[in-house]
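If you want the building blocks of each chain, they are given just below.
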Amino acid sequence: CCTGCGACCQQVGHVKDLTDRGYVLPSGLCRHYNIENRGCDIYATRPTVCRVNDMRPPLLSEEAWSLINVFVCDALHEREYGEERETKGKCQHHRK
């Protein structure tokens, strides 16, 4: 369901693992989020907290986890961009 919009990387000041690593800028933006290409500069080695599928609690089904993440993704996208998230293809906000 990820369209690559980067909304989840733009306000991470509340994520303890990222603040502990020094990844959070004063604005709340992840320091590894590349604004120019709207992608992660350390994607291949990103922390576990940034790996949605790896964060699924063991007792929660994949389907339930996916539904939760779609809900959160939609809310983040609307907060960051002021409009609903695309449901097919790459997000129009993914590339400038």
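Every chain begins its residue count from 1, and numbering advances along the sequence as written. Totals for whole chains, interfaces and linings use all residues, but because this is a predicted model, local features are given only for residues with pLDDT of at least 70 and pairs of side-chain atoms are given and counted only at 80 or more. In computing side-chain properties, one takes all heavy atoms of the structure into account and sets aside hydrogens as well as water.

Let us now look at the overall build of the protein chain. Think of it this way: any DSSP run of H or I at least four residues long counts as a helix, any run of E at least two long counts as a strand, and we number them from the N terminus. Each helix and strand in the protein chain was counted, giving two helices and two strands. Between buried and exposed lies partly exposed: a residue is buried under 20% and exposed over 50% of the maximum accessible area for its type, with that area taken using a 1.4 Å probe on protein chains only. Expressed as a percentage of the 96 residues in the protein chain, the buried residues total 33%. The accessible surface values rely on the Shrake-Rupley method and a 1.4 Å probe; as for residues, cover is taken only from the protein chains in view. Carbon and sulfur atoms make up 55% of the accessible area of the protein chain, which amounts to about 6700 Å² in all.

On to the environment of Pro26. Mapped onto the elements of the fold, Pro26 is located in the loop between helix H1 (16–20) and strand E1 (33–34). Exposure remark for Pro26: the relative accessible area of 90% places this residue in the exposed category.

Our focus in this paragraph is the pattern of salt bridges. Salt bridges, as used here, are contacts in which a Lys or Arg side-chain nitrogen is within 4 Å of a carboxyl oxygen on Asp or Glu. The tally for this structure, following the rule as stated, stands at three salt bridges. A salt bridge links Arg79 to Glu80, with the shortest nitrogen-to-oxygen separation between them at 3.1 Å.

What follows deals with unusual backbone geometry. Backbone geometry at Arg38 places phi at a positive 50 degrees, although glycine is not the residue there. Looking at the secondary structure, you find Arg38 in the loop between E1 and strand E2 (39–40). Under the relative-accessibility criterion, Arg38 is labelled buried at 17%.

Looking at any residue, its pLDDT shows the predictor's confidence there, from 0 to 100. Taken as a whole, the protein chain shows an average pLDDT of 85; of its residues, 86% reach a score of 70 or greater. Model confidence for the protein chain, summarised as mean pLDDT per element, is weakest for helix H2 (residues 62–81) at 87 and strongest for H1 at 96.

Turning next to H2. Residues separated by three or four positions in an α-helix point in the same direction, a consequence of the helix having 3.6 residues per turn. With 20 residues, H2 extends 28 Å from end C-alpha to end C-alpha; this agrees with the ideal 28 Å at 1.5 Å per step. Of the residues making up H2, those classed as buried are Trp65, Asn69, Cys73, His77 and Tyr81. Viewed end-on, H2 has its buried residues packed into an arc of 95 degrees, placing them on one side of the element. The exposed set on the far side of H2, more than 90 degrees from its buried face, consists of Leu67 and Phe71. Should any heavy atoms of two residues lie within 4.5 Å, those residues are considered in contact. Packed against the buried residues of H2 are E1. Looking one or two residues beyond H2, the residue adopting positive phi is Gly82, at roughly 75 degrees. For a helix, the expected span equals 1.5 Å multiplied by the number of residues minus one. Think of the arc as the fan of directions from the helix axis to the C-beta atoms.

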